[in-house]
Amino acid sequence: MLTMTTLRAFTCDDLFRFNNINLDPLTETYGIPFYLQYLAHWPEYFIVAEAPGGELMGYIMGKAEGSVAREEWHGHVTALSVAPEFRRLGLAAKLMELLEEISERKGGFFVDLFVRVSNQVAVNMYKQLGYSVYRTVIEYYSASNGEPDEDAYDMRKALSRDTEKKSIIPLPHPVRPEDIE
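Conventions used here
Residues numbered from 1 in each chain as written. Predicted model: local features only at pLDDT ≥ 70, side-chain atom pairs only at ≥ 80, totals over all residues. Heavy atoms only, no water. Pairing = 2+ DSSP bridges. Helix = DSSP H or I, 4+ residues; strand = E, 2+ residues; numbered from the N terminus. Axes fitted to C-alpha atoms, helices over the stretch in contact; angles between N-to-C directions. Contact = heavy atoms within 4.5 Å. Salt bridge = Lys/Arg side-chain N within 4 Å of Asp/Glu carboxyl O. Buried < 20%, exposed > 50% of the residue type's maximum accessible area, 1.4 Å probe, protein only. Expected span 1.5 Å × (residues − 1).

Asker: I'm lost on the sheet that holds strand S1 (residues 6-9) in this one. Help?
Answerer: Whenever strands of a sheet pair, they do so through backbone hydrogen bonds, lying parallel or antiparallel. Spatially, the 7 strands line up as an open sheet ordered S1-S2-S3-S4-S5-S7-S6, and their pairing is mixed. Each end of this open sheet is capped by a strand with a single partner; those strands are S1 and strand S6 (132-141). Looking at each pair of strands side by side, their axes are set apart by 25° on average, direction ignored. In this sheet, strand S2 (residues 46-50) lies alongside S1 in antiparallel orientation, the contact comprising 4 bridges. Note that in S2 the partner of Thr-6 across the bridge is Glu-50. Across the face of the sheet, helix H2 (residues 32-41) comes into contact with S2, strand S3 (56-65) and strand S4 (74-82) while running at roughly 65° to S3. Relative to the sheet, helix H3 (residues 91-105) contacts S1, S2, S3, S4, strand S5 (110-116) and strand S7 (150-158), its axis offset from that of S4 by approximately 160°.

Asker: How should I be thinking about the pattern of salt bridges in this particular structure?
Answerer: Note on pairing: side chains with opposite charge can pair once their charged atoms come close. Following the criterion strictly, the structure yields 14 salt bridges and no others. In this structure, Arg-8 and Glu-50 form a salt bridge, with 3.0 Å as the shortest nitrogen-oxygen distance. Of this pair, Arg-8 sits in strand S1 while Glu-50 sits in strand S2, and the two are 42 residues apart along the sequence. A relative accessible area of 21% means that Arg-8 is categorised as partly exposed. Owing to a relative accessible area of 17%, Glu-50 belongs among the buried residues under this scheme. One salt bridge in this structure joins Glu-97 and Lys-94, with 3.4 Å as the shortest N-O distance. Note that Glu-97 and Lys-94 are positioned in helix H3 at a spacing of 3 residues, about one turn of the helix. By relative accessible area, Glu-97 is classed as partly exposed at 35%. A single salt-bridge network, built from bridges that share partners, covers Arg-8, Asp-14, Arg-17 and Glu-50.

Asker: Would you mind showing me how to read H3 here?
Answerer: Residues that lie three or four places apart on an α-helix share one face, since the helix turns once every 3.6 residues. In a regular helix each residue adds 1.5 Å, so 15 residues correspond to 21 Å; H3 covers 21 Å between its end C-alpha atoms and thus fits that length. Inspection of H3 places Leu-91, Ala-92, Leu-95, Met-96, Leu-98, Leu-99, Glu-100, Ile-102 and Ser-103 among the buried residues, and these make up the whole buried set. Positive backbone phi, approximately 80°, marks Gly-107, located one or two places after H3.

Below, the structure written as structure tokens:
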């Protein structure tokens, strides 16, 4: 199935075609201006997978951020989602690999992402892809229906520029969202 998949740059038109992916309750959805901001600032980090019939299968959206001087320049995965009917094909792994390659080319020290602590399927997938938990962020995800806010794992994978793997040494204590740079 993946051999017939087209991986290409996300376009403005895709914003009106990706609801089938975003309907997943674990996918964070944002307003149109947020997606457009990423498209304008980090277009190389916004990639969509398209099936032979034209339906969108999944996407990854990210950015480059941080301080080079403090060895914190890195790629960040803002969103990764695959439509339910296209899961378990290795698509998420392929999209992550592309984002990691872009981050390598931009001289990043690591790639990071945030994931709900309860989303064990995603946590395990990221671990299989070489990510480890760097820290826990308390109440990172806001709950909508009177439920308590949910903690996130900040997961990281060192890139080749971080030869000593300093960027992935886990923090011994959790942090709050306002403590994240």
